[in-house]
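Observations on chain architecture
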Amino acid sequence: MKEPKVFDKIIEVKNVTKTFDDVTVIDDLNLSIRRGQFVTLLGPSGCGKTTLLRMIAGFTAPTKGNIFIEGQDVTDMPPYKRPVNTVFQKYALFPHLNVFKNVAFGLKLKKIYDGDKVDKKGKVTPVFRKLNKAEIEEKVNRALKLVGLDDYGYRDINSLSGGQQQRVAIARALVCEPKVLLLDEPLGALDLKMRKEMQIELKKMHRELGITFIFVTHDQEEALTMSDIVVVLNDGSIQQIGTPKQVYDEPANAFVADFIGESNVLSGTMLRDYCVSFLGAEVECEDKGFGKNEQVDLVIRPEDIHLFPIGSGKGQLSGKVLSAVFKGTYYEMEILASNYEFTVQSTVEAKPGTEVEMSVEPSGIHIMKKLRTINEFEGEIDGENSVWFCDGSFEVDTSLEKGTKVKVFVPFDGVELTDDEDDGVIGANVTHVLYKGTYYQVQVYTDTDEDFFVDTSDEWDLGDRVGIKLDKSKMRLEVVTEEESDA
Ligand code: ATP
C-alpha cells in the first residue's frame, strides 16, 4: 500500500455553523489543530464546546461548512469511520461486562489491514480481517496498563470507583488506536483530588501516546495546566487561540481577560502610544498602534499591583483597603479606588481601613480592543415612529417612511433591562457580566440570536431572563442604501 501523506494539520474546521431550531450555536467557526497537540476547548457553559467536539467526532452534522481530518473532508462520514474516538463525561460503560470485556468491545468489531490480494489480471485489493483472540488480549492489556489498571481486567465495572471507571472509558477509547482522542469534560464527575490525579495521568498518557488530544472543559485552571493550546470560545465564536501563557498574559479581549484567571478589567482611553488613562490616572503601558483617544479595555492582574504607603508618591492611584484574606501564600485584598473595587494579591498585608497607593508597571497593563463600542442592528421602519428589529417593534423618533431599511445604533447606556420579560419589548438571557468599577457591562442574548451590550448599575446573574427596553432619545438610525442592502 502507498504510504499515506502526513498532514501537519490533523483537524481543520472550515466555516462551520451549527444551528438548532434557528438558534446559532456555532457561528462560522474556523480552527486548525496540529498533529500531536493537547488542545483544550474552553468556555462558559452553553458556548458550544460540546457541539464543536461532536461535529469533529461525527455525532452532530454541521449546518454549514466542512470538517477535514488529515486533509480528507469527513463532513458526511459516520463517526465509526473517522480515525477519532471520544471519551464522555458519563462513562457509558457496559455494566454487565467486566473491565476487560468493556475495553475489548470495540476491538471485536474492528478490522485490520492484512496484506493485498492480487487477482489473475494483476488487480490489487487490500484485505482486512478481524483481530484474533491473542491480538485482542495484547491490545487490551496494553491499554489497561496505560491507564494504570493492569490487574483490573476481571473486575466487575460496578466495583470500581468513579475515577477507575473513567480510566476504563479512556482505555476503551485508546484501544482502537485513534489518531485523535476527543475528551468531553471527562473529569467533570470526579471529586477534586481524583480530578487532579487524572489531569496528571492524562498529560502523561498524551506524552506517551504522541496522538492529538482535544479536551473540552469549562474549568480555566484545568485548561491552563494541561494544554499546549487553549481555544477560548464564547457564544459560538472563538475569542482567542494561544498557549496557556498567551491567553493569560495577553488576553485578546475583555471576555478572555475576565474568563481566564482573576483580573481587574477596566475601561480606559489610549491617550497616545504607550500611555493610557483610566480612573483619572495617566499610566505608562507597553502598547501602541491604537487611535488617539481610542476607547479600550484594559486588564491588570491582581498580582501585578504593588502597594505603597499613602503619601509615598510611588503609586499612580490611591485607594482604601476594604478587606484582606490570607490565602496560604499571599493576601488577597479588595481595594476601592475611584469607585473601582480592585482585587490585589500580595505577600504583604494591607489592613482593612488603611489608605494605600497602588502602582502598576507598564508590563502589568494589558490593553485590548473593545469587543464592541455600540450595539448595531439591521431593521426596518414598521410604522410611525417605530422600527422593527430583533423580532420587536421599538419606539424611535423618526420621520422615515414605513418600509425604509435602516441600521439601528444603540449605545450601551441606551439599553434598559427589566426583571419581568413582559415589561420589555423583547426577551433575552444574560450571558456575560463584567464588573467595570462604577457600572456592570452585561451581555444579553436575544431569542433572535443577537447580542446586546448593556451598561447598567444593576447587578444581574448569568442565565437571568430579562426584558429589553431602549431609550429612544439615545437611538440613532442610518438609512441603508440600495447597494448596501443588496450586498
Ligand atoms: P456545557 O459546558 O454546559 O456542556 P457547551 O459549551 O458544551 O456547554 P453545548 O453543549 O455545545 O455547550 O451547547 C451549546 C448550546 O446548544 C446550548 O444552548 C444548548 O442548549 C444547545 N444545544 C446543544 N445540543 C442541542 C440539541 N440537540 N438541540 C437543541 N439545542 C442544543
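What counts, and where the lines are drawn
Residues numbered from 1 in each chain as written. Predicted model: local features only at pLDDT ≥ 70, side-chain atom pairs only at ≥ 80, totals over all residues. Heavy atoms only, no water. Helix = DSSP H or I, 4+ residues; strand = E, 2+ residues; numbered from the N terminus. Contact = heavy atoms within 4.5 Å. Lys, Arg positive; Asp, Glu negative; His and termini not counted. Charge placed at Lys NZ, Arg CZ, Asp CG, Glu CD. Buried < 20%, exposed > 50% of the residue type's maximum accessible area, 1.4 Å probe, protein only. Pairing = 2+ DSSP bridges. Axes fitted to C-alpha atoms, helices over the stretch in contact; angles between N-to-C directions. Near = heavy atom within 4 Å. Polar contact = N/O pair within 3.5 Å; in protein donor to acceptor, adjacent residues only side chain to side chain. Nonpolar A, V, L, I, M, F, W, Y, C, P; charged D, E, K, R; others polar. Expected span 1.5 Å × (residues − 1). Arc of directions from axis to C-beta. Patch = residues over 30% accessible without salt bridge, like charges linked within 9 Å, V, L, I, M, F, W, Y side chains within 5 Å. Areas by Shrake-Rupley, 256 points an atom, 1.4 Å probe, with all protein chains shown as cover. Salt bridge = Lys/Arg side-chain N within 4 Å of Asp/Glu carboxyl O. Domains from an automatic or database assignment. Buried area = accessible area lost by both parts, 1.4 Å probe.

**Brief notes about the overall build of the chain**
Scanning the chain from N- to C-terminus turns up nine helices and 32 strands. Seen through its C-alpha atoms, the chain measures out along the principal axes to roughly 85 × 65 × 45 Å. Long-range contacts, defined as pairs at least 24 residues apart, comprise 65% of the intrachain contacts of the chain with a sequence gap of at least 6. For the chain, the distance from the average position of its 58 positive side-chain charges to the average position of its 82 negative side-chain charges is 13 Å.

**A look at unusual backbone geometry**
With phi around 60°, Asn-293 is a residue other than glycine that occupies positive phi space. Here Asn-293 lies in the loop between β15 (281–284) and β16 (294–300). Residue class for Asn-293 comes out partly exposed when judged on its relative accessible area of 43%. Positive phi, close to 45°, is recorded for Ser-338, a residue that is not glycine. Following the sequence through the fold, Ser-338 ends up in the loop between β19 (331–337) and β20 (340–346).

**Thoughts on the environment of Val-180**
In this structure, Val-180 sits in strand β9 (residues 180–184). Taking the relative accessible area as the measure of exposure, Val-180 reaches 0% and is therefore buried. Residues in contact with Val-180, not counting those within four places in the same chain, are Ile-10, Ile-11, Pro-83, Val-84, Asn-85, Thr-212 and Ile-214.

**Here we look at the sheet that holds strand β23 (residues 375–383)**
Taken in spatial order, the five strands of this open sheet run β25-β24-β23-β26-β32, and their pairing is antiparallel. A single partner strand is all that each edge strand has here, and the edge strands are β25 (392–395) and β32 (476–479). For this sheet, the mean inter-axis angle between neighbouring strands, taken without regard to orientation, is 40°. Where β23 meets strand β24 (residues 386–389), three bridges bridge the pair, whose relative direction is antiparallel. Residue pairing in the sheet places Gly-383 in a bridge with Ser-386 of β24.

**Concerning the site of the ligand**
Around the ligand, the neighbouring residues are Phe-20, Val-25, Pro-44, Ser-45, Gly-46, Cys-47, Gly-48, Lys-49, Thr-50, Thr-51 and Glu-185. One of the side-chain nitrogen or oxygen atoms of Ser-45 is found 2.5 Å away from an oxygen atom of the ligand. Contact distances for the ligand include 2.9 Å between an oxygen atom and a side-chain N or O atom of Lys-49. The greatest single-element share of the shell around the ligand, amounting to three residues, is contributed by helix α1 (residues 49–57). Taken together, the residues of the shell around the ligand break down into four nonpolar, five polar and two charged.

**As for helix α3 (residues 133–146)**
Taking 1.5 Å of rise per residue, 14 residues should cover 20 Å, and α3 covers 20 Å from first to last C-alpha, within 8% of that figure. Residues of α3 that are buried: Ile-136, Lys-139, Val-140, Ala-143 and Leu-144. The arc that holds the buried residues of α3, viewed along the axis, is 135°, so those residues lie on one side. Pointing more than 90 degrees away from the buried face of α3 are the exposed residues Ala-134 and Lys-145. At its buried positions, α3 is contacted by α2 (99–109) and α4 (162–174). Measuring from the side-chain oxygen of the N-cap residue of α3 to the backbone nitrogen of Ala-134 gives 3.2 Å; that N-cap residue is Asn-132. Among the residues trailing α3, Gly-148 stands out with phi positive, at a value near 75°.

**A look at the sheet that holds β19**
A sheet is described by the order of its strands in space; here five strands give the open sequence β17-β21-β18-β19-β20, paired in antiparallel fashion. Each edge of the sheet is formed by a strand with only one pairing partner; in this case those strands are β17 (305–309) and β20. Ignoring strand direction, the axes of neighbouring strands in this sheet form an average angle of 45°. Taken together, the four bridges between strand β18 (residues 317–326) and strand β21 (residues 355–360) define a ladder with antiparallel strand orientation. Its bridge partner being in β21, Lys-320 is matched across the sheet by Glu-355.

**Quick word on a negative patch on the surface**
Taken together, the side chains of Glu-416, Asp-419, Asp-420, Asp-422, Asp-423 and Asp-458 present a region of like negative charge at the surface. Following the sequence through the fold, Asp-422 ends up in the loop between β27 (415–418) and β28 (426–435).

**Focus: the pairing of strand β11 (residues 229–234)**
Burial runs high along β11: six of the six residues are buried. Direction of pairing for β11 relative to strand β12 (residues 237–242): antiparallel, over a ladder of five bridges. Paired with Val-230 across the bridge in β12 is Gly-242. Linking β11 to β12, which pair antiparallel, is a turn of two residues; within it Asp-235 sits at a positive phi near 55°.

**Re the domain arrangement of the chain**
Assigned domains within the chain: domain 1 (9–108 + 134–248), domain 2 (263–369) and domain 3 (375–486). Contacts between the two partners involve eight residues from domain 2 and, on the opposite side, six residues from domain 3. For the pair domain 2 and domain 3, the two sides together bury roughly 520 Å², of which 52% comes from carbon and sulfur. Summed over the three residues of domain 2 that lose the most area to domain 3, namely Val-265, Asn-339 and Tyr-340, the buried surface amounts to 59% of that side.

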